[in-house]
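Close look at the chain arrangement
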Amino acid sequence: VAAGRRAAATGGKLAEAETICRRVLEKAPENAEAYHLLGIIAHQSGNLGHALDHMRRAVALAPNIALYHANLGKMCRLAKRIDEAIAEGKRALELQPDYPDAMSNLGIAYYEKDDFAKALAHYDRAIALRPNFAEALSNRGNALRALKRLDEAIVAYRRAL
């Protein structure tokens, strides 16, 4: 699986990474990490439906890994399954309370549900853990703008830049 992770990370080698993961699954059909990586590969290849299937399988096989829940939540959000995205984001944070990426993703889901105050709270928690988290800072600006707190939004956007 490590070889598949390296192949996926190098970009442009998604087919190679997928082949490696599928070989792993032939020998170890319950390998959650291989399913997780297949989910990422499917997402990067533009196949959100397969990505969701693989991520759900990874979560079913290894329900106590926050990363899997966080990534499943992100993909649910992209599929406009906002309530599922929120549930998966919450589960990721139950497993790993100090996970800024999961906090930011959960904030995005709340933002898309027009719950800007909850979105802002999650961005603030993410930024408290990672002060230079540009994506969370930019999203914080979006939430502040939606809340009509424009001066604060400008500060957040400038920090993001």
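Details of the structure are given in the entry above.
The shown structure was predicted, so the numbers you read here are calculated from the model rather than taken from an experiment.

Digging into helix α5 (residues 66–78)
With 13 residues, α5 should reach 18 Å at 1.5 Å per residue; the first-to-last C-alpha distance of 18 Å fits that figure. For α5, the tally of buried residues reaches 10 of 13 residues, placing the bulk of the element in the interior. Every buried residue of α5 is listed here: Ala66, Tyr68, His69, Ala70, Asn71, Leu72, Gly73, Met75, Cys76 and Arg77. Packing partners of the buried residues in α5 comprise α3 (32–44), α4 (48–61), α6 (82–95) and α7 (100–112). Where α5 terminates, the next one or two residues include Lys80, which has phi positive at roughly 65°.

Describing the nonpolar core
Here is a general trend for soluble globular proteins: nonpolar side chains tend to be buried in one another's company. In terms of nonpolar packing, the biggest core is built from 49 residues, with Cys21, Tyr68, Leu72, Ile86, Leu93, Tyr99 and Ala102 touching the most fellow members. A per-element tally of this core places α3 first, with 7 residues. In this structure, Tyr68 is in contact with Ala32, Glu33, His36, Ala58, Val59 and Ala62, ignoring residues within four places of it in sequence.

Things to note about unusual backbone geometry
Comment: phi is negative for the bulk of residues other than glycine, and the bulk of peptide bonds are trans. In this structure, Lys80 takes a positive phi of about 65° despite not being glycine. Note that Lys80 resides in the loop between α5 and α6. Not every positive phi belongs to a glycine, and Asp114 is a case in point at roughly 65°. Residue placement: Asp114 occurs in the loop between α7 and α8 (116–129). Its relative accessible area of 56% is what places Asp114 among the exposed residues.

Cut-offs and rules
Sequence order as written defines residue numbering, which begins from 1 separately in each chain. In keeping with the model being predicted, local features are shown solely for residues with a pLDDT of at least 70 and side-chain atom pairs are shown and tallied solely at 80 or more, while totals for entire chains, interfaces and linings include all residues. For the side-chain quantities, the full set of heavy atoms in the structure was used; hydrogens and water were omitted. Think of it this way: any DSSP run of H or I at least four residues long counts as a helix, any run of E at least two long counts as a strand, and we number them from the N terminus. For a helix, the expected span equals 1.5 Å multiplied by the number of residues minus one. We call a residue buried when its accessible area falls under 20% of the maximum for its residue type, exposed when it is over 50%, and partly exposed in between, using a 1.4 Å probe and counting protein chains only. By definition, residues are in contact when any of their heavy atoms lie within 4.5 Å. Only buried Ala, Val, Leu, Ile, Met, Phe, Trp, Tyr and Cys residues count toward a nonpolar core, and they belong to the same one when joined by side-chain atoms within 4.5 Å.

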